[in-house]
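For reference, the chains in residue letters:
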Amino acid sequence: MNKVSSTKNKLSSVQHEGLIGALKSRFEKNMNRHKGLEWTKIKAKLEANPEGLWSLNEMEKTGGEPDVVGHDKKTGEYIFFDCSAESPTGRRSVCYDREALESRKEHKPKTSAADMANAMGIELLTEEQYRELQKLGKFDTKTSSWVKTPSDIRKLGGAIFCDRRYETVFVYHNGAESYYAGRGFRGSLRV
């Protein structure tokens, strides 16, 4: 994970309580995403990690609806993914990364998926993580999401994205500099 460390990346007490409330509510409404996990333990972990809470708040503010999808028993970390039904609205119309953004001569998007994720302190989902997410529900049935692209594909100018159509998860390719109103990105965070 890209650690974002700064005193400005802390939540106010109102933001903190609002986020904890939203996360708890989402946790309780979607128990199928995190069978066997206990909210009190997750909350304690969140309370001890202000940087993680800030990143989760950034995920929430941009429409990601983050939720717990796993627990790493080796590290003790809880794993959060963006679980919004469609690609997060506040993260659409972005190209893949900084190199792609700089390569555009005109009609540049405001930013890139990689730059946004880095600024938020999160990672783009990998294809494998995206497929795991799709086992928990039906996501991106109308939109698509950039996913972490293997370096050999990226070196050739491409990037990959995924969506769900016809009850199937599809992986596609595009030039990394492309961007569309219906394509954003989903992130992951370990806390």
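Please read these numbers as outputs of a predicted model, since none were measured by experiment.

### Notes on the confidence of the model for the protein
Atom-level detail of predicted coordinates should not be read off regions where pLDDT is low.
Part 1 of the reasoning: Averaged over all residues, the pLDDT of the protein equals 94, while 96% of them reach at least 70.
Part 2 of the reasoning: With pLDDT under 50 throughout, residues 1–7 is counted as low confidence; its partners more than four residues away or in other chains account for 15 contacts.

### Here we look at the pairing of strand β4 (residues 144–147)
Part 1 of the reasoning: Residues S144 and W146 line one face of β4 and the alternating positions S145 and V147 line the opposite face, and both faces are buried.
Part 2 of the reasoning: Summarising the sheet, β4 and strand β7 (residues 183–185) pair through three bridges and their orientation is parallel. Bridge assignment links S145 to a residue of β7, and that residue is G184.
Part 3 of the reasoning: Where β4 and strand β5 (residues 158–165) come together, three bridges link them in antiparallel fashion. Within β5, the position partnered with S145 by the bridge is C162.

### Observations regarding the packing of helix α1 (residues 13–29) against helix α2 (residues 39–47)
Part 1 of the reasoning: Where α1 contacts α2, the two axes come as close as 11 Å, and the packing angle between them is 150°. When the axis of α1 is compared with that of α2, the two are roughly antiparallel. In this structure, the crossing between α1 and α2 has a hand that is right-handed. Contacts from H16, I20, L23, K24 and F27 in α1 reach W39, I42, K43, L46 and E47 in α2.
Part 2 of the reasoning: Of the residues contributing to the contact of α1 with α2, the split by class is six nonpolar, one polar and three charged.

### Let's talk about the side chain of R183
Part 1 of the reasoning: Within the secondary structure, R183 is located in strand β7.
Part 2 of the reasoning: No salt bridge is formed by the buried R183, whose closest oppositely charged neighbour, D163, lies at an N-O distance of 7.2 Å.
Part 3 of the reasoning: Setting aside its immediate chain neighbours within four residues, R183 contacts S87, R91, R92, S93, V94, S144, S145, W146, F161, N174 and S178.

Scoring rules and cut-offs
Residues numbered from 1 in each chain as written. Predicted model: local features only at pLDDT ≥ 70, side-chain atom pairs only at ≥ 80, totals over all residues. Heavy atoms only, no water. pLDDT = per-residue confidence, 0-100. Contact = heavy atoms within 4.5 Å. Buried < 20%, exposed > 50% of the residue type's maximum accessible area, 1.4 Å probe, protein only. Helix = DSSP H or I, 4+ residues; strand = E, 2+ residues; numbered from the N terminus. Pairing = 2+ DSSP bridges. Axes fitted to C-alpha atoms, helices over the stretch in contact; angles between N-to-C directions. Parallel < 35°, antiparallel > 145°, perpendicular 65-115°, else oblique. Left-handed = near helix turned anticlockwise from the far one by under 90°. Nonpolar A, V, L, I, M, F, W, Y, C, P; charged D, E, K, R; others polar. Lys, Arg positive; Asp, Glu negative; His and termini not counted. Salt bridge = Lys/Arg side-chain N within 4 Å of Asp/Glu carboxyl O.

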